[in-house]
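The chain contents come next:
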Amino acid sequence: MITKLSVNVNKIATLRNARGRNVPNLVQVVKDCEKFGAQGITVHPRPDERHIRYQDVIDLKNIVTTEFNIEGYPSDSFLDLVLKVKPEQVTLVPDAPDALTSNNGWDTITHLDYLTSIIKKLKSQNIRVSLFVNPEVKMIEGARMTGADRIELYTENYASIYPENKQKAIMPYMIAARVAQNQGVGVNAGHDLSIENLRYFSQNIPDLMEVSIGHALICDALYLGLEKTIGSYLGLLGS
Ligand code: PXP
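Counting of residues starts from 1 at the beginning of each chain's written sequence and follows it residue by residue. Residues qualify for local features only when their pLDDT is at least 70, as the model is predicted, and side-chain atom pairs are given and counted only at 80 or more; totals for whole chains, interfaces and linings, by contrast, use all residues. Hydrogens and water are ignored here; the side-chain numbers use all heavy atoms of the structure.

1. Remarks on the side chain of Glu210
Inference 1: Put simply, DSSP marks the helices as runs of H or I at least four residues long and the strands as runs of E at least two long, and each gets a number from the N terminus on. Position of Glu210 among the secondary structure elements: in strand β8 (residues 208–213).
Inference 2: Counting of polar contacts relies on pairs of N or O atoms within 3.5 Å, with two restrictions inside protein: one atom must be capable of donating a hydrogen and the other of accepting it, and residues adjacent in sequence are counted only when both atoms are side-chain atoms. Only 3.1 Å separates the side chain of Glu210 from the side chain of Gln89, close enough to count as a polar contact.

Structural data, given as structure tokens:
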């Protein structure tokens, strides 16, 4: 099974917003990412629109020809946007409005009823739903109970432990992925995955469906260019 590479293009919007014009052109970058082999595009609109704006998400609806994944906290305005755009996948993230970046997974037990009702609404519109979670068995079981199709494993801990002890870093993810898959829940992963740590992750998590990568990939593209970088990441995923 191939693991899809979904390129998170938030950093492109951040760069564009720094100057108030349309350089770099987000739509063009998205088209190029797909041309260079990305099998998905991820955006994470935040309430202050400091990187991806709500209008970007609308503009990209008819541009993305691979898999469009919209991530974010399910506020009313986020859900209105998602229901209007109807992407292939939405990844629900429990980030506070002022969070610098996503910094935790859902407590799927505490928020079971809340998540269940949102997921039901999204799935009724044929939108696949993934829940951002830490690699904890209890949280995975909670995610299954909400009716989520997939989980996205929050890989920040993996990335930070990897340089000292990769076996220790991967272990909770191997267990969590197996628990999810045994319960019929698909497994995605993301956050701080990079050219250094991606291969080991994908080799040790069988049937990993998708990785969503932004920061490291865009940083590598400064040196290697976008085409070579995407090619390298695809190679690390074995495709
Ligand atoms: N997954 C989620 C839920 C995220 O919030 C982010 C960052 O926006 C990513 C994946 C991608 O993380 P990174 O930019 O570190 O690759």
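There's more to say after this.
2. Here's the deal with the sheet that holds strand β1 (residues 4–8)
The strands making up a sheet associate through backbone hydrogen bonding, with each pair oriented either parallel or antiparallel.
Inference 1: In short, DSSP must find at least two bridges between two strands for them to pair. Taken together, eight strands build a closed barrel; the order of strands is β1-β2-β3-β4-β5-β6-β7-β8 and the barrel is parallel. Ignoring strand direction, the axes of neighbouring strands in this sheet form an average angle of 25°.
Inference 2: As judged from the four bridges shared by strand β2 (residues 40–43) and strand β3 (residues 67–72), these two strands associate in the parallel manner. Of the residues in β3, the one forming a bridge with Val43 is Ile70. For helices, the fitted axis covers only the stretch in contact; all axes are lines through C-alpha atoms, and the angles between them, taken along N-to-C directions, range from 0 to 180 degrees.

3. Re the packing of helix α6 (residues 137–146) against helix α8 (residues 166–182)
Inference 1: Remark: α6 packs on α8, axes separated minimally by 9 Å, with the N-to-C direction vectors making an angle of 25°. Taken as axis vectors, α6 and α8 run roughly parallel relative to one another. Here α6 runs over α8; the crossing is right-handed. Along its contact with α6, which presents Val137, Ile140 and Glu141, the element α8 presents Ile175, Ala176, Val179 and Ala180.
Inference 2: Classification used: nonpolar for Ala, Val, Leu, Ile, Met, Phe, Trp, Tyr, Cys and Pro, charged for Asp, Glu, Lys and Arg, polar for all others including Gly. When grouped by side-chain class, the residues that make up the contact of α6 with α8 number six nonpolar, no polar and one charged. Throughout, the term roughly parallel applies to angles under 35 degrees, roughly antiparallel to angles over 145, roughly perpendicular to angles from 65 to 115, and oblique to all others. By definition, turning the near helix anticlockwise from the far helix through less than a right angle yields a left-handed crossing, and turning it clockwise yields a right-handed one. When checking whether two residues touch, look at their non-hydrogen atoms; a contact exists if any pair is within 4.5 Å.

4. Focus on helix α1 (residues 10–17)
Inference 1: Note on exposure labels: buried denotes an accessible area under 20% of the residue type's maximum, exposed denotes more than 50%, and partly exposed covers the range between, all computed with a 1.4 Å probe on protein chains only. When α1 is considered as a whole, its buried residues turn out to be Asn10, Ile12, Ala13, Arg16 and Asn17. Taken down its axis, α1 places every buried residue within 160° of arc, on the same side.
Inference 2: Residues of α1 that are buried sit in contact with β1, α2 (26–35), β2, α3 (54–60) and α10 (215–224). Taken from the helix axis, the directions to the C-beta atoms give the arc we talk about.

5. So, the site of the ligand
Inference 1: Any residue with a non-hydrogen atom lying within 4 Å of a molecule or strand is treated as near it. Near the ligand there are 15 residues, and of these Ser102, Glu152, Asp192, Gly214 and His215 occur at the shortest range.
Inference 2: Asn8 has a polar side-chain atom sitting 3.4 Å from an oxygen atom of the ligand.
Inference 3: A distance of 2.8 Å is found between an oxygen atom of the ligand and a backbone nitrogen or oxygen belonging to Gly214.
Inference 4: Note that accessible areas follow from Shrake-Rupley with a 1.4 Å probe, and for residues the cover is restricted to the protein chains shown. Compared with its free state, where it exposes 400 Å², the ligand has 95% of that area covered by protein.
Inference 5: Grouping the amino acids of the shell around the ligand by side-chain chemistry returns three nonpolar, nine polar and three charged.

6. Some thoughts on the pattern of salt bridges
Inference 1: Think of a salt bridge as a Lys or Arg side-chain nitrogen and an Asp or Glu carboxyl oxygen that are within 4 Å of each other. What the rule picks out here adds up to eight salt bridges.
Inference 2: We note a salt bridge from Lys35 to Asp32, for which the minimum N-O separation is 3.8 Å. Placement of the pair is Lys35 and Asp32 together in helix α2, with a separation of three residues, close to one helical turn.
Inference 3: With relative accessibility at 63%, the residue Lys35 sits in the exposed group.
Inference 4: A salt bridge links Asp149 to Lys123, with the shortest nitrogen-to-oxygen separation between them at 3.4 Å. Taken together, the residues span a long stretch of sequence, with Asp149 in the loop between α6 and β6 (150–154) and Lys123 in helix α5 (residues 112–124) at a distance of 26 residues.

7. Focus: the environment of Tyr154
Inference 1: With respect to the secondary-structure elements, Tyr154 resides in strand β6.
Inference 2: Through-space distance from the C-alpha of Tyr154 to that of Gln89 is 17 Å; in sequence the pair is 65 residues apart.
Inference 3: Ignoring sequence-local partners within four residues, the contact set of Tyr154 consists of Ser102, Asn103, Asn104, Gly105, Phe132, Val133, Asn134, Pro135, Tyr173, Gly190 and His191.

8. Description of the nonpolar core
Inference 1: In this description, a nonpolar core means a group of buried Ala, Val, Leu, Ile, Met, Phe, Trp, Tyr and Cys residues linked to one another through side-chain atoms lying within 4.5 Å. Counting 71 residues, the largest nonpolar core has Leu5, Leu92 and Leu153 as its most contacted members.
Inference 2: Examining the composition of this core, we find that seven residues originate from one element, α8, more than from any other.
Inference 3: With residues near it in sequence (within four places) discarded, Leu153 still touches Phe132, Val133, Pro135, Ile140, Tyr173, Ala176, Ala177, Val187, Asn188, Ala189 and Gly190.

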